[in-house]
Structures are given as structure tokens and as C-alpha cells.
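# Structural description and commentary
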Amino acid sequence: MGSQGGFGQSKEFLDLIKSIGEARSKAEEDRIVINEIETLKKRIIEPDIPKRKMKEYIIRLVYVEMLGHDASFGYIHAVKMTHDDNLHLKRTGYLAVTLFLNEDHDLIILIVNTIQKDLKSDNYLVVCAALNAVCKLINEETIPAVLPQVVELLGHSKEAVRKKAVMALHRFFQKSPSSVSHLVSNFRKRLCDNDPGVMGATLCPLYDLIAADVNSYKDLVVSFVSILKQVAERRLPKSYDYHQMPAPFIQIKLLKILALLGSSDKKASEQMYTIVGDIMRKSDSTSNIGNAILYECICCVSSIHPNPKVLESAAEAVAKFLKNDSHNLKYLGIDALGRLIKISAEIAEQHQLAVIDCLEDPDDTLKRKTFELLYKMTKPSNVEVIVDRMIDYMMSINDNHYKTEIASRCVELAEQFAPSNQWFIQTMNKVFEHAGDLVNLKVAHNLMRLIAEGFGEDDDTADTQLRSSAVESYLRIMGEPKLPSAFLQVICWVLGEYGTADGKYSASYITGKICDIAEAHSTDDMVKAYAVSALMKVYSFEIAAGRKVDMLPECESFIEELLASHSTDLQQRAYELQAVVGLDARAVENIMPMDASCEDIEVDRELSFLNGYVQESLNKGAQPYIPENARSGALTISNFRHEEQHGSSGHSLRFEAYELPKPSVPSRPSPVPPVFSTELVPVPEPTYHTEFHEAVAPKLSASGTGSSEIKLRLDGVQRKWGKQTYSSSSPSTSDSDTYKTQNGATQRDVPSSLSSKTRDLSYESRRQQEEINPEKQKLAASLFGGASKSEKRPAGAGHKASRPNSHNADKSHSEKTGPSDGGAAKASPQPPPDLLDLGEPTSISSATSVDPFKQLEGLLDLNEGTRAPDSSGDSATKAPDFMSLYGDTSFSGQNMMGTENLLSTAEFSHASDRNGHGTGSTVANSTQLSKGPNLKDALEKDALVRQMGVTPTSQNPNLFKDLLG
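Within each chain, residues carry numbers counting from 1 in the order of the written sequence. In keeping with the model being predicted, local features are shown solely for residues with a pLDDT of at least 70 and side-chain atom pairs are shown and tallied solely at 80 or more, while totals for entire chains, interfaces and linings include all residues. As a rule here, side-chain values cover all heavy atoms of the structure and leave hydrogens and water aside.

## Re the overall build of the chain
Quick note on the threshold: Labels follow the DSSP assignment, with helices taken as runs of H or I lasting at least four residues and strands as runs of E lasting at least two, numbered in each case from the N terminus. Exposure is judged per residue with a 1.4 Å probe applied to protein chains only, and the accessible area is read against the type maximum: over 50% gives exposed, under 20% gives buried, and values in between give partly exposed. For the accessible areas, the method is Shrake-Rupley and the probe is 1.4 Å, while residue cover comes only from the protein chains on display.
Within the chain one finds 40 helices and four strands. Going through the 965 residues of the chain one by one, you find that 45% of them count as buried. A total accessible area of about 50400 Å² is found for the chain, and carbon and sulfur atoms account for 50% of it.

Structural data, given as C-alpha cells:
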């Protein structure tokens, strides 16, 4: 190591600092630091390093980390240094670890014990170093380890320790508010501390607490006002002064707190007026810190309950800012003026020329702040000037982010304060033309809706003029290059709806222009979709008017191109266009009525017009409709997407071997008649069997409690594969009552968004200004003249009264009783099981585990079989077809039947058709089987399979396929 340099450091260390400072490039600096890292890696692992040298190495590691390089090889040495008894070494170690480590680092656990020991030290400097580390390194999990000691230090004799203890508690509150919620009273006590430093530190946690719950701290208003008064009267020591201002940072924090406590509270605000006014009068506007206090006073005045005298003082302070030559102070003045105009709009009129100067200032930041001010003070009398200024500024900038913000503000102001619809349309055209795709798509729908609704009055002439002017403007603009897609959609829609309405332009001319748009933007499917819909409207209006349709060659080629498009939407629109063109005038008039884009379309969601047809079909024996969410089959798209998003509730494909059937837990017996067979038991038929077999056995009760069927009991067989499904004991949670068919026809490309506003042009007399500059005076009169109070018009005030929404009618209609089912059950059926759910069985059997194949062997001894109960006594009733349950499903892992499959030994028939259209007939004697395979051979085949190590489950339809053919 070299000789000693200044401050007790080695010459090598000082040379390192000097070389880093003299580096001419980042590459040279990195080379120096990398060489230093290699040197430190070798020296820091040397044995018996003197503590003074190790301290220097740790400081050099700090420099390495500060310059963006990794010094993790030395972290553990910094942690070890915190354990040293020497004060300088300990403080160096704490400084290093607070810079090296974060609160989630693995080495934190090695520091907690050291911090706990140092917090109990008799040397207050060691305690302060530990408290500094607590603020940086203690996380939410380790707060309880040091919290009692930190609370105890609030009463320490040294003010520096008390101050750092308050800061540590504030940090704990920021990390975990619940951990210190019972210690809030300690902040109130420290507010009355004799040391101003401790009191000032307490203001920070109190500000956060007041911001979270203002009402709980209203009683402290008097205390805060008293403290602020003492600070303003210079009762604090001179050491707290900054640029001859008494404790300015304490004043700023107190003003922020008073602004929170006085908001919407007249009683509390009245206690603040005097001290705030005194501070504004005494503040020194020649220094930055004095201007900062003055600005904070203005912010406080704008937040508390207004007072005329205090507002006047605040307006004078704003005038000082705006008249200053410094751009920074002008920026403060514009921001403060924007706060005050929320209380009194007349304040802005006093500074109108200063605002105009800021608007024309070359400083871009100041100009943007001025536009924010103009945005806040916009009213119907000055909206045209302000929006035009904003559009001009938007055209001059290249920042897309700020251009998007300006465009959205122009749109918002135009929608709220537009004096006329013509001006609104022209403004929207400019915004679309210059902002491009940065404009929100909702703006396009708003514009289309405005054109469709017109002025909102019963003046058809004015509406026609509005639409004609829109058509003319769009025919003129459509030739401009690089128009955004949303604007092109608006143009196509307007030309389709109103291009030929006034008779000024022929259908051939309009359709040609529409095809030109589609050809120029052949890669945009949305534009082409709007274009073909516009062609359909134009041709439909021509046919309805009795005129002959002459399709231009370019239109024919465009439609032929869409007929072969990869987009099904474009294909459908093209085919619809061909179909509409071939219809007669009366049909076309009903399909595409003129100017019906704003008509309310009543949709009968219950399809009540089909009630007669449905009832007739049910009387002829047709099966009732089963809602999609109540069907047993493939998952619906919505269920599939839901499972994709939320997973399959832990049920996924398993790769374990088959398990033996588990014994089932006995449950309460079902109320069924006694059965003599020990293999098959009668089980009450679930509700959903009536849906599948209603045509076969229409006499069954829909509730399933009035009849029973002999069923194969497979409850003991464990399900191992696939996803969780429905069962008889836990029905599906999906409510079939909430299923609604989404059906109905809607006008395509019809705008539906916010309603537009009535545009009332109201200009008041303009104030005479002093002769300074005629142009500025005229601009100022445009911006600040007229009504002083800005009142935004309510949305949709000038629109046509919308027709009654069809939703109410639909709602009342849905409350009525639906069509009668005839003989169908009136009880609401339970949802059927989900055949795709192959999870654990949820049904509980009263019997012990029984091999299902032993049960099937009972089918061969049909002499002991019993007849199925026949409540109606009709021998001609068809037997439930067992194999028809599998007829419509493919025998795969996704379509497996649950344990509720019906198997009747009294009447058993085999389906000859695999698609579920069986030809089974009623069998009078259960001992006679006229059709079906040899069941004994099938059982022998299955026994051979089971000997090979395969244990079938009750959820495998292929099992029954092998058994029953």
C-alpha cells in the first residue's frame, strides 16, 4: 500500500478517486473500476487485514457500487464490520450495508441481532447508526423484532435519538400500517416535544395519517396553527433559518397539513385565515425559498374554505409570479392561477394579458402549462378560440404522447361547449386529420351519433343541412393522404347513410368514392367492412326509391374480391349485398329503412313469436328444448374459456395406476320399495332422465320423487381420470334460469356512444381593454370575455328524447309465464351431470363396495328379475333405451357417462343404431331377450381383461360397449 494521503486514506485510494474524476469517457471509467474490482478481490481475502485497511476497502467497494458495478463479493465483510466495537468501523459498516443491501436480501438476518444489541447501547451515536439501518433494512417480517426497542427510544434523553426513532416509526407505518396502528398516540405526544427537530420530524407521519383519515385529527388544528405562528414569529433557534427565512421546510409541511384539515370545513378554515395571510405578507419574494412558501400559501388558500381577503392576497401573489421575468416563477404563477380559478373565475380575467404572453412564450414547458390553464377556464364563449389554439399547437409538435393528450382535451371541450353542430363536425375533422390514429375510437362513434341525431329538435331542415355539410366535407377530405382508420370508417358510414339523401350526388358517384376508399386501404378489413355496408345502404335506398341500380365495374370487382376473402365477416357482408340487390323494393325498404340508424331495435329475447309452433310440436311428441348450459356433452365455449382462465380446480391428467374401488360411506336410505335381487337396487330417478327419456316414458315425474327405476349401482367405483363433473348429489352450480339466448338483428355499423350536446351560440359583450396591442387585446377578449362563470352543459341535454328502451319491455316480457309444455313436467329440472368431469365421485351409497361386474352377472339370471314399476299401467310404454345414452356421444375420454346410467331388467332392449335411434320394443317377460349380444360371452371377455391387470371404472363407456355389444 502506498504512503498516507489526506484524511487518513492511502495514496492509492486518493489516486483512484482522482482517476475516476479525470476519466474522459464511460469506457475509460469502466476500465478503471474493473481494475479496482480485481485488486479488491485479491486484497480483501488476505489474512489478518488491519481494521483500518478493511475500512478503506469497504469505502472503495462503495465507490464501485455507486458507479454501477457489482461488489457483492465484499458484502459479507461490510456485515462483519457492523459487529465491530469501534465506533468509526461500526458506522462505516452500517453505511455500507444500507447502500449494498435491500430489505429482502439474504444477509439481513445476520444484521438483525446486531441492530437489536446496538439499539440498547449507551453510546447514542451507536444507537443513531442502528436507527439509520432500521429505516433502510428492516422489512415487514422483521418489524416485530425491533419495534419495542424503537418505541422505547422515543423517550431517550438525546433529541437526535428521539428524532430518528420517530423516523423509524414512520417507516414502519409506510411498510405495514397495521404494525404501528396502536402507536399513533406517540406521534401526538412527540408533536409537543421541546426540540424543534423532533417536532418537525413528527409532522411527516402526521401528514400521512391525516391524509388517510382527516376527521380523526380535526382537534389538532389549533396546535398546528399555534406552531406555525411561533415559527413565523421567529421563536425557533437561528440554526433553523434558511436564507433568512425561519424554518421554511417546517412552514411548508404545516401549510400542507392545514390544507388537508381545512378542506370543506369552514370552522377549521376560519382559524387559519389570519396566520396564512400574515405569512403571505411577510414572505420574501426575492429568494427561491420565500417564493416556495408563498406558492404553498396559495395552494393552502385554494384548498380551504374561501375567504375574500385571503383570496385577494393570493391573487396579488399570483400577479407577482406572472410579472416576473423568470420562466420558473411564471410557471408557478400559471399553476397557482389554475388552482384559484376553481374558486373564482374572475381572478383569471385580471391576468389575461400575462396568460397570453405565456401562451406565446418560446418555452415549451411554460406553453403546455398555459394550455392546461386554458383547459380549466374554458366556457361556451371562448371554446372556439381555445380549441383552435390547441389544434394549432398540436400540429406543431411531434411528441405523440402529448399530442394524444391535446387531442383528447380538444374532443372533450368540443363535446361539452360546442356552440353549434357544424363547428363540432369541423373541429372533429381537424382533430382526426392531424392527430390520426391517436384519437380514441369512441370519438368516431360520438361523431356518427351526432350526425345521425342532428340538432335534437324537430327541425328536419336543419338536420338535413347538417348531414349535407358533413357529406360535402367528407367528400373533400377523403382525398387527403394518411387518414386514420377510424376517420375513414366515419366517412364510409356517413356517405352510405346520407350520400344520396339530398339528391345532390348520384348513387354512382357516391359508390365510386366509397370503392376508392376501400381500394386505397385494401389492407384494412374494418374500412372494407364499412365500405361494403355503405354500398349496401346506397343500393338499398335506390331500390326502395324505385330506381334502377347500375353497379360500377370497380364495385363489382370489389364485391367479387370480398366473396373470396379470408375474413368470414367480409364474405358475409358481400353475400348479404348480393342478396339485397336481388330483392324487390318493398322487401328492401323493410330491411334497410331510410335514416333508421338511431331507431331503437326491440329484441324479443324469449322468441315469443314461436310459442305457437313450439306448443304444436310438443303436442305431436317432440322433445322440449334443453338450454345449452344444461346439456350433457361437450363444454360450451364460455365454460372452456372460464376453465382456461381459472384452471380446472386442481383436477388434471393423472399418471398413477388404477386404484381398487374404495368402500363407500353409508348414507340415509332412499324411500324405495323392497327389491329381492341382491345385485340391482331401485334408485330414485334423477330429474334429468325425464329430459332424455320423456318421449319414451312421458308419465315420469319431473321431480324424480314419485317413481323409481332399477339402476346399475356403480357408486363404489372410484373415478380416476379427467375433470370434475356433476353428480346426482351435487348438481351443477350453473343456473339454467340465467341462460338467455342472444338473438336479434341490429343495424350494422350504427354508432352507439355518448349522447351529444346542444350547441347554443351565446356570446356576451366583451370587456374593453387598455390599448396595449390590438392583436393581444382581441385574443384576450376572446379567451376571457363573456360570462364569468363557466358552466358545463349536461351531457345529452340537446339530444332527441330517446325512445323507451326495449330492455324494459324485454324484462316485463320475461316475467310472464313461458309457453306451456303440454305434458311436460312443470317442476324446474335440475341441471344434468357434466360428462366431461371425471373427478372423484360425490354420490354416497348406502351399500358396501361391490364389484360392478358382479352386478352385471346378475343380468344372466333373469329368472329372478323383477319388473320395473309401471305407475300408469300402460304396457305399451317403451322401455328406456340404455345404449341410446351413448348413441350421440363418441366413445372417447371426454364423453364418459356418470353413475346415473339407467339399466332396466324388466324391459331391456338393445339399440341397433349407434346414433341413438334404437328400435327396441317392449318385452313382456323379463326372462326373454329377443335382441342383443350374448352377455355371458361379454362377461367372460371382460374377466380375461381383468386378469391381465386392468381394472375398469364406472366412467368408461367402452366398458359397456364390450359388455353389451
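## Quick notes on the pattern of salt bridges
Where charged atoms of side chains with opposite charge meet at close range, the side chains can pair. Defined as follows: Salt bridges are defined by distance alone: a side-chain nitrogen of Lys or Arg within 4 Å of a carboxyl oxygen of Asp or Glu.
As enumerated under the stated definition, the model contains 32 salt bridges in all. Here Glu-12 ties to Arg-43 by a salt bridge, and the two come within 2.7 Å at their closest N and O atoms. Placement of the pair is Glu-12 in helix α1 (residues 11–22) and Arg-43 in helix α2 (residues 26–43), with a sequence separation of 31 residues. Judged by relative accessible area, Arg-43 falls into the partly exposed class, the value being 22%. Glu-29 is the salt-bridge partner of Lys-26, the closest N and O atoms lying 3.2 Å from each other. With a gap of three residues between them, Lys-26 and Glu-29 both fall in helix α2, about one helical turn apart. Judged by its relative accessible area of 47%, Lys-26 falls in the partly exposed class. Connected via shared salt-bridge partners are Glu-12, Glu-36, Arg-43, Glu-56 and Arg-60.

## As for the environment of Val-490
Quick reminder of the rule: Contact definition: two residues touch when any of their heavy atoms are within 4.5 Å.
By secondary structure assignment, the location of Val-490 is in helix α27 (residues 485–498). Judged by its relative accessible area of 0%, Val-490 is buried. Along the primary structure Val-490 and Ala-444 are separated by 46 residues, whereas in three dimensions their C-alpha atoms are 6.3 Å apart. Once residues lying within four places of it in the same chain are set aside, the contact partners of Val-490 are Ala-444, Leu-447, Met-448 and Tyr-474.

## A short note on a nonpolar patch on the surface
Which entries qualify depends on this criterion: Without a salt bridge and with relative accessible area above 30%, a residue can belong to a patch; like charges are then joined within 9 Å and nonpolar side chains (Val, Leu, Ile, Met, Phe, Trp, Tyr) within 5 Å.
Taken together, Phe-609, Leu-610, Tyr-613 and Val-614 make up a surface patch of nonpolar side chains, about 430 Å² in accessible area. Following the sequence through the fold, Leu-610 ends up in the loop between α32 (585–591) and α33 (611–619).

## Some remarks on the nonpolar core
Basically, it comes down to this: Here, nonpolar core refers to any group of buried Ala, Val, Leu, Ile, Met, Phe, Trp, Tyr and Cys residues whose side-chain atoms link them within 4.5 Å.
By size, the foremost hydrophobic cluster in this structure holds 206 residues, and its most contacted members are Leu-101, Ile-115, Phe-172, Phe-224 and Tyr-474. With eleven residues, helix α29 (residues 525–544) is the largest single contributor of residues to this core. Those residues in contact with Tyr-474, other than ones at most four positions away along the chain, are Ile-425, Asn-429, Leu-447, Ile-451, Phe-487, Val-490, Ile-491 and Val-494.

## Comments concerning the side chain of Arg-162
How we decide: Polar contact is defined as a pair of N or O atoms within 3.5 Å, subject to the rule that within protein one atom must be able to donate a hydrogen and the other to accept it, and that residues adjacent in sequence are counted only when both atoms are side-chain atoms.
With respect to the helices, strands and loops of the structure, Arg-162 is situated in helix α9 (residues 159–175). Polar side-chain contacts of Arg-162 include one of 2.9 Å to the backbone oxygen of His-156. Among residues more than four places away in sequence, those in contact with Arg-162 are Leu-153, Leu-154, Gly-155, His-156, Ser-157, Arg-190, Asp-193, Asp-195 and Val-198.

## Here we look at the packing of aromatic side chains
Under the convention used in this document: Pairing of aromatic side chains requires ring centres within 6.5 Å, counting the rings of Phe and Tyr and the six-membered ring of Trp. Pairs whose planes differ by under 30 degrees are stacked, by over 60 edge-to-face, and all others tilted.
In total, this model carries nine aromatic pairs according to the counting rule given. Between Phe-432 and Phe-487, the ring centres sit 5.0 Å apart and the planes meet at 0°, which makes this aromatic pair stacked. With Phe-432 in helix α24 (residues 421–435) and Phe-487 in helix α27, this pair connects stretches of sequence that are 55 residues apart. Using a relative accessible area of 0% as the deciding quantity, one classes Phe-487 as buried. Look at Tyr-474 and Phe-487: their rings are 5.7 Å apart centre to centre, the planes differ by 80°, and that puts the pair in the edge-to-face class. Of the two residues, Tyr-474 is situated in helix α26 (residues 460–477) and Phe-487 in helix α27; the sequence distance between them amounts to 13 residues. Relative accessible area serves as the criterion here: at 0%, Tyr-474 is assigned to the buried category.

## Overview of unusual backbone geometry
A positive phi angle, close to 60°, is found at Ser-264, a residue other than glycine. Relative to the assigned elements, Ser-264 resides in the loop between α13 (248–262) and α14 (266–270). Judged by its relative accessible area of 73%, Ser-264 falls in the exposed class. At Leu-607, a residue that is not glycine, the phi angle is positive and equals roughly 55°. Residue placement: Leu-607 occurs in the loop between α32 and α33.

## Comments concerning helix α20 (residues 352–359)
Operational definition: Read the arc as the range of directions from the helix axis to the C-beta atoms.
Along α20, the residues classified as buried are Gln-352, Val-355, Ile-356, Cys-358 and Leu-359. Buried residues of α20 fall within an arc of 160° about the axis and therefore sit on the same side.

## A look at the environment of Ile-293
Along the chain, Ile-293 turns up in helix α16 (residues 288–303). Along the backbone, Ile-293 and Leu-255 are 38 residues apart, and their C-alpha atoms lie at a distance of 8.7 Å. Excluding residues that lie within four positions of it along the chain, Ile-293 makes contacts with Met-245, Pro-248, Gln-251, Ile-252, Leu-255 and Ile-279.

## Points about helix α25 (residues 441–453)
Along an α-helix, residues three or four positions apart point the same way, because every turn accommodates 3.6 residues. For clarity, the threshold we go by: Multiplying 1.5 Å by the residue count of a helix minus one yields the expected span of that helix.
For α25, which comprises 13 residues, the first-to-last C-alpha distance of 19 Å matches the rise-based estimate of 18 Å (1.5 Å per residue) to within 8%. The complete set of buried residues in α25 reads Val-443, Ala-444, Asn-446, Leu-447, Met-448, Leu-450, Ile-451, Ala-452 and Glu-453. Against the buried residues of α25 lie α23 (400–417), α24, α26, α27 and α29. Sitting at the head of α25, Asn-440 places a side-chain oxygen 3.1 Å from the backbone nitrogen of Lys-442. Gly-454, located one to two residues past α25, shows a positive phi value of around 75°.

## Focus on the packing of helix α5 (residues 87–100) against helix α7 (residues 124–137)
Packed helix pairs are characterised by how far apart their axes lie and by the angle those axes make with each other. Selection rule: With axes taken as lines fitted to C-alpha atoms, and helix axes fitted only over the stretch in contact, angles between N-to-C directions fall between 0 and 180 degrees. By the definition adopted for this analysis, an angle is roughly parallel if under 35 degrees, roughly antiparallel if over 145, roughly perpendicular if from 65 to 115, and oblique otherwise. Note on residue classes: Ala, Val, Leu, Ile, Met, Phe, Trp, Tyr, Cys and Pro are nonpolar, Asp, Glu, Lys and Arg are charged, and everything else, Gly too, is polar.
Taken N-terminus to C-terminus, the directions of α5 and α7 make an angle of 10°; their axes are 10 Å apart at the nearest point. In this view, α5 runs roughly parallel relative to α7, as classed from their interaxial angle. Along the contact surface, α5 presents Leu-87, Lys-90, Arg-91, Tyr-94, Val-97 and Thr-98, while α7 presents Leu-125, Val-126, Ala-129, Ala-130, Asn-132, Ala-133, Lys-136 and Leu-137. Among the residues forming the contact of α5 with α7, the class breakdown is nine nonpolar, two polar and three charged.

## Observations regarding the environment of Lys-513
Within the fold, Lys-513 resides in helix α28 (residues 507–520). With 34 residues separating them along the chain, Lys-513 and Gly-479 place their C-alpha atoms 9.6 Å apart. Setting aside residues no more than four positions away along its own chain, Lys-513 makes contact with Leu-475 and Met-478.

## Some thoughts on the packing of α16 against helix α18 (residues 327–340)
Inclusion rule: Helix crossings get a hand from a simple test, with the near helix turned counterclockwise from the far one by less than a right angle marking a left-handed crossing and a clockwise turn marking a right-handed one.
Orientation of α16 relative to α18, taken along the N-to-C sense of each, is 10°, at an axis distance of 9 Å. Between α16 and α18, the interaxial angle falls into the category roughly parallel. Viewed along their axes, α16 and α18 form a crossing whose handedness is left-handed. Contact residues: α16 offers Asn-291, Tyr-295, Ile-298, Cys-299 and Ser-302, while α18 offers Leu-329, Leu-332, Asp-335, Ala-336, Arg-339 and Leu-340. Taken together, the residues of the contact of α16 with α18 sort by class into seven nonpolar, two polar and two charged.

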